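Listed below, chain by chain, are the residues.
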Amino acid sequence: HQLSGGQRQRLVVARALLFRPQLLMADEPVSMVDASLRATILESLRKMRETFSITILYITHDLTTAYHVCDYIIVLYKGSVMEAGDVESVIANPQHPYTQLLIDSIPWPDLNRQWGQQEIGMVDAETAKVGTGCKFASRCPHVMDKCRQTTPPLYQLGDKQVASCFLYEDQSTLPGENLGQLFR
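Sequence order as written defines the numbering, with residues in each chain counted from 1. Only residues with pLDDT of at least 70 are given local features in this predicted model, and only at 80 or more are side-chain atom pairs given and counted; all residues enter the totals for whole chains, interfaces and linings. Processing note: side-chain calculations cover all non-hydrogen atoms of the structure and skip hydrogens and water entirely.

**A look at a nonpolar patch on the surface**
Here is step 1 of the chain: The patches reported here contain residues having more than 30% relative accessible area and no salt bridge. Joining distances are 9 Å for like charges and 5 Å for nonpolar side chains (Val, Leu, Ile, Met, Phe, Trp, Tyr). Accessible areas in this description were obtained via Shrake-Rupley with a 1.4 Å probe; residue shielding takes into account the shown protein chains only. By definition, a salt bridge exists where a carboxyl oxygen of Asp or Glu is found within 4 Å of a side-chain nitrogen of Lys or Arg. Together, L23, M25, L57 and I59 give the surface a local cluster of nonpolar side chains, amounting to about 370 Å² of exposed area.
Here is step 2 of the chain: Only β1 (23-27) and β2 (55-59) provide two or more residues apiece to the nonpolar patch.
Here is step 3 of the chain: Numbering goes from the N terminus for both helices and strands, where a helix is a DSSP run of H or I of at least four residues and a strand is a run of E of at least two. For M25, the position within the fold is in strand β1.

**Here's the deal with the packing of helix α1 (residues 5-17) against helix α2 (residues 35-52)**
Here is step 1 of the chain: Note on method: axes are straight lines fitted to C-alpha atoms, helices fitted across the in-contact stretch only, with angles between N-to-C directions ranging 0 to 180 degrees. It is at 11 Å that the axes of α1 and α2 come closest, and there the two elements cross at 10 degrees. Taken together, the axes of α1 and α2 are roughly parallel relative to one another. Together, G6, Q9, R10, V13 and L17 of α1 and L37, I41 and M48 of α2 make up the contact between the two elements.
Here is step 2 of the chain: Among the residues making up the contact of α1 with α2, the classes are represented as five nonpolar, two polar and one charged. An angle below 35 degrees is treated as roughly parallel, one above 145 as roughly antiparallel, one from 65 to 115 as roughly perpendicular, and anything else as oblique. Contact criterion: two residues are considered in contact whenever any of their non-hydrogen atoms come within 4.5 Å of each other. For this classification, the nonpolar set comprises Ala, Val, Leu, Ile, Met, Phe, Trp, Tyr, Cys and Pro, the charged set comprises Asp, Glu, Lys and Arg, and every other residue, Gly included, is treated as polar.

**A short note on the nonpolar core**
Here is step 1 of the chain: The term nonpolar core refers to a set of buried residues drawn from Ala, Val, Leu, Ile, Met, Phe, Trp, Tyr and Cys, joined through side-chain atoms within 4.5 Å. Remark: exposure states derive from per-residue accessible area (1.4 Å probe, protein chains only) relative to the maximum for the residue type, with buried under 20%, exposed over 50%, and partly exposed in between. If you look at the biggest cluster of nonpolar residues, it comprises 39 residues, and the most contacted ones within it are L45, I56, Y58, I73 and F136.
Here is step 2 of the chain: At the level of elements, β1, α2, β2, α3 (63-69), β3 (72-77), α4 (87-92) and α5 (97-104) are the ones that each hand at least two residues to this core.
Here is step 3 of the chain: The dominant element in this core, judged by the number of residues it contributes, is α2, at five residues.
Here is step 4 of the chain: When sequence neighbours within four positions are dropped, the list of residues in contact with L45 reads L24, P29, I56 and Y58.
Here is step 5 of the chain: Ranked by size, the runner-up nonpolar core spans six residues in total, among them L154, L174, L179 and L182.

**A word on the packing of aromatic side chains**
Here is step 1 of the chain: Aromatic rings from Phe, Tyr and Trp, taking only the six-membered ring of Trp, are treated as a pair when their centres fall within 6.5 Å; an angle between ring planes under 30 degrees marks them as stacked, one over 60 as edge-to-face, and anything in between as tilted. Counting across every chain of the model gives four aromatic pairs.
Here is step 2 of the chain: Ring geometry for Y77 versus F136: centroids 5.1 Å apart, planes at 85 degrees, classification edge-to-face. Remark: F136 occurs in the loop between α6 (125-130) and α7 (145-149) and Y77 occurs in strand β3; sequence separation between them is 59 residues.
Here is step 3 of the chain: Three or more aromatic residues joined by ring pairs form one cluster here, namely Y77, Y98 and F136.

**What about the pattern of salt bridges?**
Here is step 1 of the chain: Scanning all chains against the criterion turns up five salt bridges.
Here is step 2 of the chain: Close ionic contact of E43 with R46 constitutes a salt bridge, the shortest N to O distance being 2.3 Å. Placement of the pair is E43 and R46 together in helix α2, with a separation of three residues, close to one helical turn.
Here is step 3 of the chain: The class for E43 is partly exposed, based on a relative accessible area of 29%.
Here is step 4 of the chain: Here R46 falls in the partly exposed class, since its relative accessible area comes to 26%.
Here is step 5 of the chain: One network of salt bridges, with partners in common, ties together R49, E50 and D71.

**Here we look at α1**
Here is step 1 of the chain: A helix is expected to span 1.5 Å multiplied by its residue count minus one. Between its first and last C-alpha, α1 extends 19 Å over 13 residues, near the 18 Å set by a 1.5 Å rise per residue.
Here is step 2 of the chain: Here α1 has its buried residues at G6, Q9 and V13. The buried residues of α1 all sit within an arc of 65 degrees when viewed along its axis, so they share a single face. Turned more than 90 degrees away from the buried face of α1, the exposed residues are V12 and R15.
Here is step 3 of the chain: On its buried side, α1 packs onto α2. What the arc describes is the spread of directions from the helix axis to the C-beta atoms.

Distances and angles like these do not, on their own, reveal function.
Next comes the structure, spelled out in structure tokens:
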């Protein structure tokens, strides 16, 4: 009870590694620590992954920390996959409107660059209540009628990226059960 938040976070990570696990589930591991400690923990996670060949399932709302720790990323909205793939591809070139809005909301240190210009408002409150179709349809700036009626499949966008959005219906699809193939 006398440990600081940062000390507790480090203790939890150390405890998790005692038995040399093959999988480490890290749910918001740096959410309650300051920036300097956050960098230390992220670097430790990256080193552990490389040194001990530990697979880390990194769960977060912070795409910037995910970018530094992960090789692959899955972006979820209300429990559904919106976009997935190689972290470099998804962060550098987001294809799903939700991922694009998430990336746009990250503040950048460049004072001349505007961020968060596109509002993530409710486009269609009725679609949100009904629960049919794409889960992001009620907030999507590119919503189409079919988005409100049918859940889009995962469209293959190159070798390392998929997006669940009808904007890419001219691309081939990847069945959801084959999502793991993307991460090999």
